[in-house]
Amino acid sequence: MGYVAIKGGGKAIAGAEKLLEFVRTRQGESAEPLDLETIENQLYFLHSRIISEGGLYHPKLASLAIKQSLGDTLEASFALRAYRSTKPRLVESPVTETSNMRVIRRISASFKDIPGGQMLGASTDYALRLMRTELLDESPEAFKAVAANWLDNNSHNEIPDTFPKVLDALREEGLLPPVDQAAAEKKPFDITREPLVFPVPRSAALSTMARSETGSILAIAYSNMRGYGDIHPTVAELRVGYLPVMLPHPITGEPIEVGEVLMTECEVVAMYEDEEEGGKPTFSLGYGACFGHNEVKAISMSVLDRALQSGMKNGPTNPSEDPEFVLLHIDGIDSMGFCTHYKMPHYVTFQSDMDRLRTTQDKHDDANQGAGNV
Amino acid sequence: MSNQENGSGSAFREASADYNFGFLDENAKKEIRRSILKAIAIPGYQVPYSSREMPMGRGFGTGGLQLTLSLIGKQDTLKVIDQGADDSVNAVNLRSFIEMTCPGIDTTTRVSEANLIQSRHRIPEQELREDQVIVLQVPYPDALIVVEPSEDKRKIMHGEADYSRLLVKLYEDIVKFDEITISHRYPTRINSHYVLDPSPIPRWDVPKMNNSKALLLFGAGREKKIYAVPPYTLAEPLEFDDVPFRVENFNDQTGKRRTCRCCGCDHSFLDEFADATTGEKHYQCSDSDYCDQQLEAQSAKLGGINVA
């Protein structure tokens, strides 16, 4: 890095930090500090986003990151991601079967009548985005009463814990390609331990997308949906729920449940492709999964997974099918870091630029001296 | 799926009291009506308009909704369809929003009773009449988007009625798959010039656009376009002399036409259901109103008992 720091910058930095801390606490005379559980519960979707973009399932630290970053999503996931680098890798969990997910929402856009049934769960999909003025000054009593009423009127026992996967039904019918056992048994690419050197395997693409910034991945997936691509996805199943994480017992080696993670998973079915070996054509698939309740992200990811697979197979015909373009531009921490770096001093390089411009201007003047005086 | 929670009872929904009839302001509605007139005057041409933000997601039918809200008046009877049904979540939600913001209008599930029909993905099985208008919700207005992502270039192609690349795409499909692979949104030429995207209706519904007695309006909210197929106008799906346009085939392996398990209908577009336990396939009319009408007609014939 050839950048020159400002001399005496230490004092300035300390001052800036103090001021930021004042900004965070300036409501202090009339308000309580945010507590972490409030963030996790009342800022549920923001919290989900940070867990997913930070790439670390730590609900409490994700809340802390949101609190200390004043709600800046990029800063918060940055803090979480940075914390992640301080932790050693102790064990790896075996591949997890998502059909065991304790589902809180699952829908299919392909079939009305899916095995197990549609389950809307908590969703804003059909909400009218009208300003809820009654929340302007919500009393703590009214706030508490809503949740209490809901719990009184709803029984949890009627809902099964888990549901069969829609894709399994399609696969049984031969509408989907069989599971690629060889690929399934391959050790997944670990993006936290290995750099992306292209071409990369699909598992590298999937894990990069799982940590990607929601807005970035949405933008590129949207370009594909709108016309710079031709995936035509149908959501076979979108599910949100708690997935048990298993680890081998340190002594017996038997897999035991060590906890669960909230996650969103999306499987899309797309138009069929040419089969090379004269096999029967089948629908193609796209997959997306990430920590937290992030539906837009999971859908975007599954669309891009399909686009990238097609780009890897036939060569990209648009940006969303180009693994380099997609995978190197969707990480929020990377892109935010590079973007904010433009605020750092560039005195030396700019000096050099000015030298070139002035010299060029002088030469231009010399060459045009006669003409300019007419 | 239960829609009950989504009803008009909550305080959230009553917030509409402060909104204008039809949610949009009168100038916005007027602008949309002007664009509709232009669209009717130039069949199949995509008229750009300044699509407003609606209080639901882009892609949930905000284009169709804006057309409906700008056309509807207190004397009108509205039907809202999603995937053929009146009771699917999105249809329920749109209808409840329109009821909430247009006090005084009537709603119905019967095609014959409605004079304004907003629909997603289906044109009703029952033939529409001259006094009816159907508004279709459109995600992608431009049939050329599959071959040309740039709108600037597509506009020139439309102007020159240059659909060669679209025809090449169909031809390439035939070479590769021995079949044209476009299922829904089948490109259709209107009045011998503009090719439009008929919204994601199945091929089954495409012939219903030809010489339709009712006015067909198309609204794309996210893409900010309105277009129309006026009554008694030629609407021809793209095809080749030797590869004619075909609609969905509902015959079983033996070549026998499948029938609806509810009403027994053998000439409607069918939804496919799989029995979760037995894995067996069932078929049912996609147009739920049509299915109900046939059931009623049957029971009336059988015993003259009114089941309604």
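The preceding data block contains the structure.
Here we summarise the structure given alongside this text.

Procedures and definitions
Residues numbered from 1 in each chain as written. Chains lettered and ligands numbered in written order. Predicted model: local features only at pLDDT ≥ 70, side-chain atom pairs only at ≥ 80, totals over all residues. Heavy atoms only, no water. Helix = DSSP H or I, 4+ residues; strand = E, 2+ residues; numbered from the N terminus. Buried < 20%, exposed > 50% of the residue type's maximum accessible area, 1.4 Å probe, protein only. Contact = heavy atoms within 4.5 Å. Lys, Arg positive; Asp, Glu negative; His and termini not counted. Charge placed at Lys NZ, Arg CZ, Asp CG, Glu CD. Salt bridge = Lys/Arg side-chain N within 4 Å of Asp/Glu carboxyl O. Pairing = 2+ DSSP bridges. 1 Å grid on protein atoms, 1.4 Å probe; cavity = no way out; pocket = protein on both sides within 12 Å on 5 of 7 lines; lining within 4 Å. Points joined across faces, edges and corners; volume = space filled by probe spheres on them. Nonpolar A, V, L, I, M, F, W, Y, C, P; charged D, E, K, R; others polar.

**Comments concerning the overall build of chain A**
And then number 1: Scanning chain A from N- to C-terminus turns up 14 helices and four strands.
And then number 2: Looking at chain A as a whole, 32% of its 374 residues are labelled buried.
And then number 3: Of the contacts formed within chain A by residues at least 6 apart in sequence, a portion of 67% connects residues at least 24 apart.
And then number 4: On chain A, the mean spot of the 36 positive side-chain charges and the mean spot of the 53 negative ones are 5 Å from each other.

**Section: the pattern of salt bridges**
And then number 1: Per the counting criterion, the structure on display carries 40 salt bridges over all chains.
And then number 2: Between Arg 132 of chain A and Glu 134 of chain A there is a salt bridge; the shortest N-O distance is 3.2 Å.
And then number 3: Judged by its relative accessible area of 38%, Glu 134 of chain A falls in the partly exposed class.
And then number 4: Notably, a salt bridge pairs Lys 169 of chain B with Asp 173 of chain B, separated by 3.3 Å at the nearest N-O pair. Highlighted residues: Lys 169 of chain B and Asp 173 of chain B, both in helix H6 (residues 164-177), separated by four residues, approximately one helical turn.

**Notes on the sheet that holds strand E7 (residues 195-196) of chain B**
And then number 1: Read across the sheet, three strands follow the order E7-E6-E10 (chain B) without closing on themselves; strand pairing throughout is antiparallel. Because the sheet does not close on itself, it has two edges, and the strands there are E7 and strand E10 (235-237) of chain B.

**A word on empty space enclosed by the protein**
And then number 1: According to the stated counting rule, one finds three cavities of 30 Å³ or more in the structure shown.
And then number 2: As a volume, the largest cavity reaches approximately 100 Å³.
And then number 3: Together, 13 residues line the largest cavity, and Met 225, Gly 229, Asp 230 and His 232 of chain A together with Tyr 140 of chain B are the ones closest to its centre.
And then number 4: Split by residue class, the lining of the largest cavity holds six nonpolar, four polar and three charged.
And then number 5: Volume-wise, the second largest cavity comes out at about 60 Å³.
And then number 6: The residue makeup of the lining of the second largest cavity, split by class, is six nonpolar, no polar and four charged.

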